[in-house]
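Secondary and tertiary structure notes
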Amino acid sequence: LFSRTSMGIIERRVGSDLKIGHLDPKEEGLRASLEAVPGVGRVAGVAHLRNRTAEGIAYDVVASDLVGLKHLWVVPVGADASLSEVIDPAKVEFSEGDASSIRALEEAGRLPGAILSLSMARHLDVGRDDVVTLSFRLGAQREDVRVKVLAVAAVVPGFDGLFRSRVANAQGSGLLLSRKAFDAMTQAAPREAFEGFGLVKVSG
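Residues numbered from 1 in each chain as written. Predicted model: local features only at pLDDT ≥ 70, side-chain atom pairs only at ≥ 80, totals over all residues. Heavy atoms only, no water.

Turning our attention to the pattern of salt bridges. Should their charged atoms come close, side chains of opposite charge can pair. Summed over the entire model, instances satisfying the criterion amount to eleven salt bridges. Among the ionic pairs, Arg191 bridges to Asp24, the shortest N-O distance being 3.0 Å. Note that Arg191 is positioned in the loop between helix H6 (179–185) and strand E11 (194–202) and Asp24 in the loop between strand E1 (18–22) and helix H2 (30–35), a separation of 167 residues in sequence. Accessibility expressed as a relative area gives 47% for Arg191, which makes it partly exposed. When the shortest N-O distance is used, the salt bridge between Asp88 and Lys91 registers 2.9 Å. With a relative accessible area of 24%, Asp88 lands in the partly exposed category. (Salt bridge = Lys/Arg side-chain N within 4 Å of Asp/Glu carboxyl O. Helix = DSSP H or I, 4+ residues; strand = E, 2+ residues; numbered from the N terminus. Buried < 20%, exposed > 50% of the residue type's maximum accessible area, 1.4 Å probe, protein only.)

As a further point, take unusual backbone geometry. Of note, the phi angle at Asp129 is positive, near 75 degrees, even though the residue is not glycine. Topologically, Asp129 is positioned in the loop between helix H5 (118–124) and strand E8 (131–138). In the Ramachandran plot, Asp160 falls in the positive-phi region, its phi being about 45 degrees despite a non-glycine side chain. Inspection of the secondary structure assignment puts Asp160 in the loop between strand E9 (141–155) and strand E10 (174–178).

Ranked by size, the top nonpolar core spans 32 residues in total, and within it Val132, Leu134 and Leu175 carry the most contacts. Among the elements of the structure, strand E2 (40–49), strand E3 (59–65), strand E7 (113–117), H5, E8, E9, E10 and H6 are those that each provide at least two residues to this core. Tallying contributions element by element places E9 first for this core, with five residues. Excluding anything up to four places from it in sequence, Leu175 contacts Val74, Val75, Pro76, Val77, Ala114, Ile115, Leu116, Met120, Leu134, Val147 and Phe163. Judged by nonpolar contacts, the second largest core, of 24 residues, contains Ala79, Ile102, Phe197 and Leu199. (Core = buried A, V, L, I, M, F, W, Y, C linked by side-chain atoms within 4.5 Å. Contact = heavy atoms within 4.5 Å.)

Turning to its location among the elements, Ser6 is positioned in helix H1 (residues 4–14). We classify Ser6 as partly exposed; its relative accessible area is 29%. Sequence separation between Ser6 and Val156 is 150 residues, and the spatial gap between their C-alpha atoms is 19 Å.

Under the counting rule described, the total for this entry stands at three aromatic pairs. Here Phe159 and Phe197 contribute two aromatic rings whose centre-to-centre distance is 5.5 Å and whose plane-to-plane angle is 85 degrees, an arrangement assigned as edge-to-face. Of this pair, Phe159 sits in the loop between E9 and E10 while Phe197 sits in strand E11, placing them 38 residues apart in sequence. Phe197 shares its class with Phe159; the two are buried. When the ring of Phe182 is compared with that of Phe194, the centres are 5.9 Å apart and the planes differ by 75 degrees; the resulting orientation is edge-to-face. (Phe/Tyr/Trp six-rings, centres within 6.5 Å; stacked < 30°, edge-to-face > 60°.)

The next subject is the confidence of the model for the chain. Of the residues in the chain, 95% have a pLDDT of 70 or more, and the chain-wide mean is 90. Predicted confidence in the chain is weakest over H1, with a mean pLDDT of 75, and strongest over E7, with 98. (pLDDT = per-residue confidence, 0-100.)

By the bridge criterion, five bridges tie E1 to E11 in an arrangement that is antiparallel. Paired with Gly21 across the bridge in E11 is Phe197. Here nine bridges tie E2 to E11, and the two strands are oriented antiparallel to one another. Residue pairing in the sheet places Gly45 in a bridge with Gly198 of E11. (Pairing = 2+ DSSP bridges.)

Right, here's the structure in full:
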């Protein structure tokens, strides 16, 4: 039994009906298994990177403005295409853009799309339609990719504080990508560098 206040807190923190932690988001079959459970409507898998694995392997991602004057260590997050059907858009606090930007992450364009944390956008002094460079670094390896800012959000429930508003909290903040773009950008990362969760929307 839950009070209305308790349910409100859960909805605000989770952004959907249920959140399930997943230690290995590269594992196949979890989403299909969850969707086979009676009462489950849709499931969206989410993966992100640890900055350091249990073995001490560092995998850093640095975001920069297009001219390279400002830099910031960030946490990229990849979400399934079903995220727009699972998360409650009314709980996402956009400062630029709107809920349509979640669906737009899947649209193939010249550059992959991204939704930035407000704190990150303020630190880098970028906004909607700007381009940001991401540098993926593993030891001596480095790969640079560019993404287009589709929206800026101060709060995305369920993402455990990765989306923030204060510039002082910009270090380690998140940016949301499609899962397809995320997987392409993180091919060199060791499997143990990934962690994630599933967001579940019940049916009926």
